[in-house]
Amino acid sequence: MRILSGKDLNKTYVNRDREVRPLQHVNFELHQGEILGIVGESGSGKSTLLKVISGIEKPDSGKLYHLENEYTGQGPEKTGKFLRMIFQDAYGSFDPRMSMERSLREGSDESREEIMRVIGEVGLTEELLSRRPRHLSGGQCQRMSIARALLSHAGVLLCDEITSALDVTTQAQVIKLLLEIRDLEKISIILVSHDLALVSMICDRIMVMKDGVVVEEGKTEKVIAEPSDEYTCKLLDSIIAV
Ligand code: ADP
Ligand code: MG
């Protein structure tokens, strides 16, 4: 079942009289229970695409659908019912003055029992709930932002470089957690990263972006084994080289 999709999305910014086109005729589909990876070098338009999908930014043209319902032009207060963003800077996504428990409670009307259940599911313990964000490690804070998203029952998580600020071991743990919660909660995930190796580990399908254009799209195994675009080959070579 197709849960989220976009048709012919376009977005142009003007930076000091110079036009930048981070989205050019972009189409995408996200299916129920799927993890879709979006990869590409810095500046290729990945974050812009997530901002447009989430309604933080509006596309200049094109259409967005949740199931069969068009939601183009709706902001985060509306889209928050079916999708949630998780950002690279987990610390910055929480109010620094609030305890974690208060932050989690503000975003949802769930019982304390449900909050405890989700805290356990993301691999955290109760005692961390009394802390403020700066008294958590980067990995713990990112797990808290995943917990907050799960408590909203949004169904779709949009993850923008969520492991980029973490050390390698913690990165692997957070990635493993995404797989676990996809299975447990039956959610769908878009995972944006500049790191093709990481994306190819857990994604069912991959989209490759370059200069605002989707240059390749397909099942992960196929994109890795038989890349059809020269740019994807370059990204693959850079993995093999390290
Ligand atoms: P990525 O996430 O792939 O690194 P972005 O989507 O952040 O790429 O950016 C794509 C291009 O759009 C870049 O050239 C960036 O400078 C430009 N851009 C992104 N957001 C804005 C904005 N709010 N105003 C002007 N230009 C922007
Ligand atoms: Mg980005």
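Residues numbered from 1 in each chain as written. Chains lettered and ligands numbered in written order. Predicted model: local features only at pLDDT ≥ 70, side-chain atom pairs only at ≥ 80, totals over all residues. Heavy atoms only, no water.

**So, the sheet that holds strand β5 (residues 69-70)**
Thinking step 1. Across the sheet, four strands lie side by side as β2-β1-β4-β5; this open sheet has antiparallel pairing. Either end of the sheet is taken by a strand with one partner, and the two such strands are β2 (18-31) and β5.
Thinking step 2. Judged from the nine bridges that link them, strand β1 (residues 2-15) and β2 form a sheet pairing that is antiparallel. The partner of V14 across the bridge, within β2, is E19. (Pairing = 2+ DSSP bridges. Helix = DSSP H or I, 4+ residues; strand = E, 2+ residues; numbered from the N terminus.)

**A closer look at the packing of aromatic side chains**
The geometry of an aromatic ring pair comes down to the distance between the two centres and the angle between the two planes.
Thinking step 1. The full count for this structure, using the stated rule, is one aromatic pair.
Thinking step 2. Aromatic side chains Y71 and F82 sit 5.0 Å apart centroid to centroid with 75° between the ring planes, which places their arrangement in the edge-to-face category. Note that Y71 is positioned in the loop between β5 and α2 (76-79) and F82 in the loop between α2 and β6 (83-86), a separation of eleven residues in sequence. We note that Y71, like F82, is buried.
Thinking step 3. When the ring centre of F94 is taken as origin, the NZ or CZ atom of R148, which lies over that ring, is 4.0 Å away.
Thinking step 4. Stacked on the ring of Y231, the Lys or Arg K210 has its end atom at 5.2 Å from the ring centre. (Phe/Tyr/Trp six-rings, centres within 6.5 Å; stacked < 30°, edge-to-face > 60°. Buried < 20%, exposed > 50% of the residue type's maximum accessible area, 1.4 Å probe, protein only. Lys NZ or Arg CZ within 6 Å of the ring centre and 35° of its normal.)

**Quick word on the sheet that holds strand β10 (residues 213-219)**
Thinking step 1. Pairing in this open sheet of six strands is mixed, and the strands run β6-β7-β8-β3-β9-β10 from one edge to the other. Looking along the sheet, the strands with just one partner apiece sit at the ends: β6 and β10. Within the sheet, the average angular offset between the axes of one strand and its neighbour, ignoring direction, is 15°.
Thinking step 2. Note: strand β7 (residues 156-160) against strand β8 (residues 188-193), five bridges, orientation parallel. If you follow L158 over to β8, its bridge partner there is I190.
Thinking step 3. Helix α5 (residues 138-151) contacts β6 and β7 of the sheet and is inclined by roughly 170° relative to β6.
Thinking step 4. Across the sheet, helix α6 (residues 168-185) is in contact with β3 (35-39), β7 and β8; its angle to β8 comes to roughly 160°. (Axes fitted to C-alpha atoms, helices over the stretch in contact; angles between N-to-C directions. Contact = heavy atoms within 4.5 Å.)

**Some remarks on the packing of helix α4 (residues 112-121) against α5**
Thinking step 1. Packing of α4 against α5 brings their axes to within 9 Å, and their N-to-C directions diverge by 135°. It follows from the interaxial angle that α4 and α5 lie oblique. In the crossing of α4 with α5, the sense of the turn from one axis to the other is right-handed. Counted together, E114, I115, V118, I119 and E121 of α4 and M144, A147, L150 and L151 of α5 form the full contact between these two elements. (Parallel < 35°, antiparallel > 145°, perpendicular 65-115°, else oblique. Left-handed = near helix turned anticlockwise from the far one by under 90°.)

**Details of the site of ligand 1**
Thinking step 1. Surveying the vicinity of ligand 1 reveals the residues Y13, N15, V20, P22, E41, S42, G43, S44, G45, K46, S47 and T48.
Thinking step 2. Between ligand 1 and N15, the relevant distance is 3.2 Å, taken from a nitrogen atom to a side-chain nitrogen or oxygen of the residue.
Thinking step 3. Within the backbone of G45, one N or O atom sits 3.1 Å away from an oxygen atom of ligand 1.
Thinking step 4. Coverage of ligand 1 by the protein amounts to 68% of the 560 Å² it exposes when considered alone.
Thinking step 5. Elements with a minimum of two residues in the shell around ligand 1: β1, β2 and α1 (46-54). (Near = heavy atom within 4 Å. Polar contact = N/O pair within 3.5 Å; in protein donor to acceptor, adjacent residues only side chain to side chain. Areas by Shrake-Rupley, 256 points an atom, 1.4 Å probe, with all protein chains shown as cover.)

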